[in-house]
Amino acid sequence: MIQPSEFARRRKQLMRMAGGDAIIIVAAAPERLRNNDAHYPYRQDSDFHYLTGFPEADAVLALVPGRAAGEVILFCRERDAERERWDGARAGTEGAVAQYRMDDAFPIDDIDDILPGLIEGRERVYYHFGRDVDFDLRLISWVNRLRAQVRHGVRPPHEFVALSHLLHDLRLYKSRAELRLMQQSARIAAAAHVRAMQATRPGQNEHEVEAELLHVFRKHGAVPSYEPIVGGGANACVLHYRANNAPLRDGDLLLIDAGAEYQCYASDITRTFPVNGRFSAPQRALYELVLDAQHAAIDEVRAGRAFDAYHQAAVRVLTRGLLRLGLLSGSLERNLREETYRAYYMHKTGHWLGLDVHDVGDYRIDGEFRQLEAGMVVTVEPGLYIAPDAKGVPARYRGIGIRIEDDVVVTDAAPNVISADVPKEVAAIEALMAAGR
Ligand code: GLY
Ligand code: MN
Ligand code: MN
């Protein structure tokens with residue numbers, strides 16, 4: 001759990017970065033309709049959550065550094081016994097101050113009257129332009145109202161700055177409490193993958209295996225951090241396959257890419273294993289190649305290495321292996337230079353992980369890949385996808401898709417693989433699947 005004092009520390013740090021003449025405005029995620037009057041499950045905006053821990057929609061945070069009457073102001077829904085009977089409890093403005101440690105809180109319905117006064121006299125507005133067009137228009141209307149009063153001595157802001165630059169750099173470095181939540185999120189996802197592996201049988205449908213994942217997520221109070229991919233056979237070659245509704249065939253592999261979200265923190269794990277519990281020789285040849293690439297890549301997830309070093313390590317191992325297996329030809333260096341592996345490996349080897357599964361933060365600084373630092377978390381997810389109609393490929397390799405994905409914390413020492421509870425070595429997968437069969 002993230003303590004109120006940590007949320008407060010984040011707000012302080014952001015205000016320090018923004019400067020004493022700025023205002024920072026962050027809106028909660030809106031509720032979204034799925035169909036007719038049924039909503040999608042509510043998920044708080046990650047930035048808003050990072051700064052408040054406040055779980056409700058219809059809320060806006062204003063950070064006003066140096067404001068004598070309070071720097072941290074929340075606009076939120078008021079308590080309302082009738083509405084709460086239907087929709088559940090609200091914190092209200094009193095709860096925002098007492099529970100969530102805001103300096104001050106106002107009803108969201110009063111924002112048009114109050115927020116312009118907070119913006120007035122501030123040089124710069126930090127805000128996420130373009131994320132919510134309705135809110136953009138409201139902000140413009142508040143600023144225009146100030147501009148219309150310039151002759152009366154009102155001082156509108158002069159600069160509008162993208163908030164992401166400052167805030168997303170903060171989010172890149174995970175605190176101890178965040179790392180504990182991410183470890184828990186990865187543990188839950190790993191347990192889900194283990195259960196799915198144990199439950200898989202030829203003749204089942206992909207959605208039956210998906211149900212095993214969801215069972216474990218919900219049992220531990222988590223939700224999926226993205227729509228799980230459960231793809232048997234050649235479906236594994238469809239990178240964003242989400243239909244999850246095909247029968248699983250004896251002799252095929254099954255690729256599962258599924259992560260949990262626990263207290264808003266994501267995990268992101270992929271395993272690929274045989275539907276019948278035993279790898280065939282060609283499946284095993286490709287699988288062990290991806291596994292070697294993943295081991296080599298994880299070894300590069302160290303403080304001081306450039307972000308793309310682990311991608312380069314994976315690509316080198318994959319290319320060497322593809323040459324050995326006859327899926328590529330020519331010299332290693334020429335193939336690396338010409339990126340010929342992209343016929344079979346068309347994505348990058350990983351991304352930042354945190355509140356968002358593809359978490360925020362710049363990958364490059366001044367055009368150069370940034371260096372990894374302790375507290376950053378990445379995924380390491382090499383794969384090979386041999387299309388069913390791939391030209392010039394031995395038939396035994398066609399229609400095989402493999403990815404192996406783990407979540408790795410950069411430390412001052414060795415890489416810390418927080419998703420290690422689910423097996424990935426061939427013998428370990430086969431042993432797990434054989435037990436109880
Ligand atoms: N599950 C999304 C990804 O692996 O990036
Ligand atoms: Mn994934
Ligand atoms: Mn991923």
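Residues numbered from 1 in each chain as written. Chains lettered and ligands numbered in written order. Predicted model: local features only at pLDDT ≥ 70, side-chain atom pairs only at ≥ 80, totals over all residues. Heavy atoms only, no water.

**Student:** Which parts of the structure should I look at to understand the coordination of the manganese ion (ligand 3)?
**Tutor:** For a metal with four donors in a tetrahedral arrangement, the ideal angle between donors is 109.5 degrees, while six donors in an octahedron ideally sit at 90 or 180 degrees. Protein ligation of the manganese ion (ligand 3) involves Asp-268 (OD), His-351 (NE2), Glu-381 (OE) and Glu-405 (OE), the donor distances falling in the range 2.1 to 2.2 Å. Around the manganese ion (ligand 3) sit 6 donor atoms, and with donor-metal-donor angles ranging over 52 to 154° the site reads as irregular. In terms of primary sequence, the donors binding the manganese ion (ligand 3) are separated according to D-x82-H-x29-E-x23-E. (Donors = N, O, S within 2.8 Å, 3.2 Å for Na, K, Ca; no water. Tetrahedral: all angles 85-135°; square planar, octahedral: opposite > 155°, others 65-115°.)

**Student:** Would you explain the sheet that holds strand E14 (residues 269-274) in this entry?
**Tutor:** Two pairing modes exist for strands in a sheet, parallel and antiparallel, and in both the strands are linked by backbone hydrogen bonds. If you trace the 3 strands from one edge of the open sheet to the other, you get E10-E11-E14, paired in antiparallel fashion. Each end of this open sheet is capped by a strand with a single partner; those strands are strand E10 (229-232) and E14. Here the strands of the sheet are splayed against their neighbours by 10° on average, with no regard to which way each runs. Note: strand E11 (residues 253-258) against E14, 6 bridges, orientation antiparallel. Looking across to E14, one finds that Leu-255 is bridged to Thr-272. Most of the contacts of helix H8 (residues 176-199) go to E14, to which it runs at about 15°, and overall it touches E11 and E14. (Pairing = 2+ DSSP bridges. Helix = DSSP H or I, 4+ residues; strand = E, 2+ residues; numbered from the N terminus. Axes fitted to C-alpha atoms, helices over the stretch in contact; angles between N-to-C directions. Contact = heavy atoms within 4.5 Å.)

**Student:** Help me understand the site of ligand 1, please; the structure alone is not making it clear to me.
**Tutor:** Around ligand 1, the neighbouring residues are Tyr-226, Asp-257, Asp-268, His-351, His-358, Glu-381 and Glu-405. His-351 places a side-chain nitrogen or oxygen 3.0 Å from an oxygen atom of ligand 1. Contact between ligand 1 and His-358: an oxygen atom at 2.6 Å from a side-chain N or O atom of the residue. Coverage of ligand 1 by the protein chains reaches 83% of its 200 Å² of free accessible surface. When its residues are assigned to classes, the shell around ligand 1 shows 1 nonpolar, 2 polar and 4 charged. (Near = heavy atom within 4 Å. Polar contact = N/O pair within 3.5 Å; in protein donor to acceptor, adjacent residues only side chain to side chain. Areas by Shrake-Rupley, 256 points an atom, 1.4 Å probe, with all protein chains shown as cover. Nonpolar A, V, L, I, M, F, W, Y, C, P; charged D, E, K, R; others polar.)

**Student:** How should the sheet that holds strand E21 (residues 416-417) be read in this particular structure?
**Tutor:** Taken together, the 3 strands give an open sheet; going across it, the order is E17-E20-E21, and neighbouring strands pair in antiparallel fashion. In the strand order of this sheet, the two ends are held by strand E17 (377-380) and E21, each with one partner. Both strand E20 (residues 406-409) and E21 contribute to a ladder of 2 bridges, which runs antiparallel. Bridge assignment links Val-408 to a residue of E21, and that residue is Val-417. Sheet strands in contact with helix H10 (residues 281-298) are E17, E20 and E21, and its direction is about 160° off that of E17.

**Student:** For this particular structure, what's the right way to read unusual backbone geometry?
**Tutor:** The phi angle of most residues is negative, glycine excepted, and most peptide bonds adopt the trans form. Of note, the phi angle at Asn-244 is positive, near 45°, even though the residue is not glycine. Among the structural elements, Asn-244 can be located in the loop between E10 and E11. For Cys-264, which is not a glycine, the phi torsion comes out positive at approximately 80°. With respect to the helices and strands, the residue Cys-264 is situated in the loop between strand E12 (260-262) and strand E13 (265-266). On the basis of relative accessible area, Cys-264 is assigned to the buried category, the value being 15%. (Buried < 20%, exposed > 50% of the residue type's maximum accessible area, 1.4 Å probe, protein only.)

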